[in-house]
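Residue strings, one per chain:
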Amino acid sequence: MIEVKKWVRVARVVWCAALVGFGVPPVAEAQLQVDITSGVTAPIPIAIEDFSADPKPSAEVIRRNLMRSGRFLVGERTASDYLVTGRASAGADGRTTIDFELLNLLTGQRLLIERISAAPAAWRNAAHRISDRLYQKIIGARSAFATRIAYVSVDGQPPSQRYQLIVADSDGENAKVILQSRLPLMSPAWSPDGEWLAYVSFETRTASVYVQRVRTAERRRVSSRPGVNNAPTWSPDGSRLALTLSSPGGNLDVYVLELASGALTRLTDHPAIDTEPVWSLDGTQVYFTSDRAGGPQIYRLSIEPGSRPQRITFSGSYNARPRVSPDGRMLAMVTREEGAYRIAVQDLGNGTVRVLSKGRQDESPYFSPDGGTLVYAARERSQGVLATVSADGLIAQRLAADRGEVREPAWGPFLPDVVAVQ
Amino acid sequence: MKKLIAVAALLGLLAACKSPPPIKPDAGADLANKSEASAIAQPDDSAGPVSAGEVGASSETAVALPPELANRTVVYFAFDSDAISADDQALLAAHAQFLGSRPGLRVRLEGHTDERGTREYNIGLSERRAQAVRRVLGLQGVADSRLTTVSYGEERPAVAGEDESAYSRNRRVEIVYVAGG
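Fair warning: this is a prediction, and the values are worked out from it, not measured in the lab. In every chain, residue numbers begin from 1 and rise along the written sequence. Chain letters and ligand numbers both follow the written order, the letters beginning at A and the numbers at 1. This being a predicted model, a pLDDT of at least 70 is required before a residue's local features are given, and a value of 80 or more before pairs of side-chain atoms are given or counted; all residues contribute to the totals for chains, interfaces and linings.

A few points about the overall build of chain B
- From N to C terminus, chain B includes four helices and five strands.
- In chain B, the succession of α and β elements from N to C terminus is β-α-β-α-β-α-β-α-β.
- Any residue whose C-beta has 12 or fewer other C-beta atoms within 10 Å is treated as exposed, any with 20 or more as buried, and any in between as partly exposed, C-beta atoms being built from the backbone. Within the span of chain B, comprising 181 residues, buried residues form 38% of the whole.
- Across chain B, contacts joining residues at least 24 apart in sequence account for 70% of those joining residues at least 6 apart. Each helix corresponds to a stretch of at least 4 residues labelled H or I by DSSP, and each strand to a stretch of at least 2 residues labelled E; elements are numbered beginning at the N terminus. Residue pairs qualify as contacts under a 7 Å threshold applied to their C-beta atoms, which are placed from the backbone.

A few points about helix 2 (residues 86-101) of chain B
Residues and elements named next belong to chain B.
- In a helix, the anticipated span is given by 1.5 Å times the number of residues less one. Taking 1.5 Å of rise per residue, the 16 residues of helix 2 would be expected to cover 22 Å, and the 23 Å separating its terminal C-alpha atoms lies within 8% of that figure.
- Among the residues of helix 2, those classed as buried are Leu91, Leu92, His95 and Leu99. Considered in projection along helix 2, the buried side chains sweep an arc of 95 degrees and stay on one side of the axis. Exposed side of helix 2, more than 90 degrees from the buried face: Ala86, Asp87, Ala90, Gly100 and Ser101 are the residues found there. The directions considered for the arc run from the helix axis to the C-beta atoms.

Considering helix 1 (residues 58-68) of chain A
All names here are of chain A.
- Of all 11 residues in helix 1, 10 are buried; the element is thus mostly enclosed.
- Residues Ser58, Ala59, Val61, Ile62, Arg63, Arg64, Asn65, Leu66, Met67 and Arg68 constitute the buried set of helix 1.
- Immediately downstream of helix 1, the backbone of Gly70 shows phi near 80 degrees, a positive value.

Some words on the sheet that holds strand 4 (residues 147-151) of chain B
Residues and elements named next belong to chain B.
- Overall, mixed pairing links the four strands, which are arranged 2-5-3-4 in an open sheet. Of all strands in the sheet, those with a lone pairing partner are strand 2 (74-76) and strand 4, marking the two edges. Put simply, the sheet's adjacent strands are angled 20 degrees from each other on average, direction ignored.
- Sheet analysis places strand 2 next to strand 5 (residues 172-179), joined by three bridges and oriented antiparallel. Bridging across to strand 5, Val75 finds its partner in Val173.
- Angular values range over 0 to 180 degrees, each being the angle between N-to-C directions of two axes fitted as lines to C-alpha atoms, with helices fitted over their stretch in contact. Packed onto the sheet, helix 3 (residues 119-139) meets strand 2, strand 3 (105-112), strand 4 and strand 5 and runs at close to 160 degrees relative to strand 4. Should DSSP find at least two bridges between two strands, the strands are taken to pair.

Following this line, the structure appears as structure tokens:
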């Protein structure tokens with residue numbers, strides 16, 4: 001039996017300090033720090049030696065990743081069950097190659113002997129890929145170290161705040177501002193291929209939905225109707241957005257926008273607030289929040305014309321902002337209990353609801369692409385921070401910004417390998 | 001023994017990709033459509049961090065209001081309510097009267113909530129408040145074509161704070177006069 005144990009500040013790590021000169025843009029931005037707040041009681045002891053001849057601190061990135069997962073205790077070789085060693089070498093093409101091995105120290109068995117190569121600028125990605133390989137081999141499940149998180153950062157005091165949309169590696173490193181504005185930015189959502197973000201910007205003093213290609217900053221305003229343009233999410237095939245628009249009288253309903261043609265289809269038609277749509281995995285249904293029954297609750301609706309919404313949340317007076325797990329079996333949401341807003345997951349099969357967070361102002365849950373973790377926004381000492389919790393509730397972490405506040409995390413999808421693993 | 005697991009190029013890491021200059025959003029025909037944002041490329045090769053310059057000085061031209069309205073351009077609301085008090089009904093009547101005397105002015109009604117609840121649902125609640133003010137101004141004779149709403153939800157608080165005194169100042173509709181139209 002596993003029980004949760006507090007590990008207060010076992011691994012407080014200021015990521016940027018160790019890596020001066022790499023990935024630290026001159027733009028002032030919210031850099032994240034990671035605190036592990038709880039983990040499993042019996043983490044697996046593992047030693048990861050510095051890779052010989054490595055010009056970059058790859059082994060340190062891997063150590064931090066495994067530590068942060070809550071499933072490993074990274075330490076000395078003599079106290080470990082597993083050992084990772086590696087050697088870096090520069091290729092003629094300028095790429096760096098890392099040969100690494102995973103050894104089971106108890107049996108003497110070599111579990112992995114692999115080679116990974118990457119352009120120098122992609123060294124972090126290579127380290128995340130190695131982390132994913134080690135995790136998969138030892139734990140037997142997929143991890144998402146080599147993925148990215150988008151979030152909104154805000155600094156300054158009202159009414160003179162500055163809003164930034166930031167994309168960072170899953171460990172909070174490599175944070176880059178992709179948009180900044182003096183007026184609010186909100187609702188970032190990744191396209192299924194991880195190339196684009198949809199978001200809402202008030203930069204023109206009206207609300208508009210944009211899509212922006214992260215790599216190039218190419219962007220397109222895709223919805224700027226009078227009134228509300230809000231809450232975009234991508235269909236699984238990436239061709240459409242579900243979003244919220246308002247009628248001239250100010251009534252919010254859920255629509256589907258086909259990106260190529262601009263064709264708009266209305267999904268809901270009700271005087272209540274209908275918003276926060278998100279797609280089912282197969283793209284045939286959307287889940288959304290509606291207060292048609294009084295307070296906000298979550299409903300499911302087929303996108304076939306004439307379909308009737310079906311209410312799916314019944315416990316508590318406030319359930320909102322649904323997100324579907326990558327396997328389609330769970331729904332994450334914000335629920336209110338005892339006056340506090342918390343992250344809950346509901347089993348879509350049997351309806352069981354489990355509250356996973358303990359804050360007072362927890363919101364914006366988003367599943368990691370492997371489904372094992374939820375990232376969400378929380379408030380701590382009047383500051384907006386990001387936190388994660390494993391989907392089983394056992395492992396919690398906090399990612400705090402060093403300045404300003406951070407909110408609305410969106411965890412990007414798995415990406416094709418940019419580095420070669422052999 | 002080495003096994004080929006995966007080889008693919010994704011982020012354009014192989015080619016050193018030059019970052020294009022920040023782009024400005026396209027101009028539209030909306031009221032006061034001046035941009036306050038700039039987009040920045042995120043080249044994945046980390047070769048050269050891009051600087052992020054903000055565009056746009058922030059403010060619109062201020063409209064001079066008569067003294068009795070000058071500091072009375074905000075309507076406040078109770079928790080989870082879009083009801084307008086009798087005092088504020090009178091205030092809105094005074095604004096309607098002023099608008100009647102100044103046909104060149106338009107009004108943007110900016111709705112806000114406190115920070116409790118989910119952000120996108122709060123957009124809906126703030127829209128209800130902005131529409132409630134719009135209806136009162138309409139009943140007082142202001143042509144609907146002179147009124148627009150924008151709903152910020154909890155995204156633009158008037159004050160920071162996590163107690164009822166802050167919340168009560170953030171649950172509001174701001175009446176913003178815009179010249180032209």
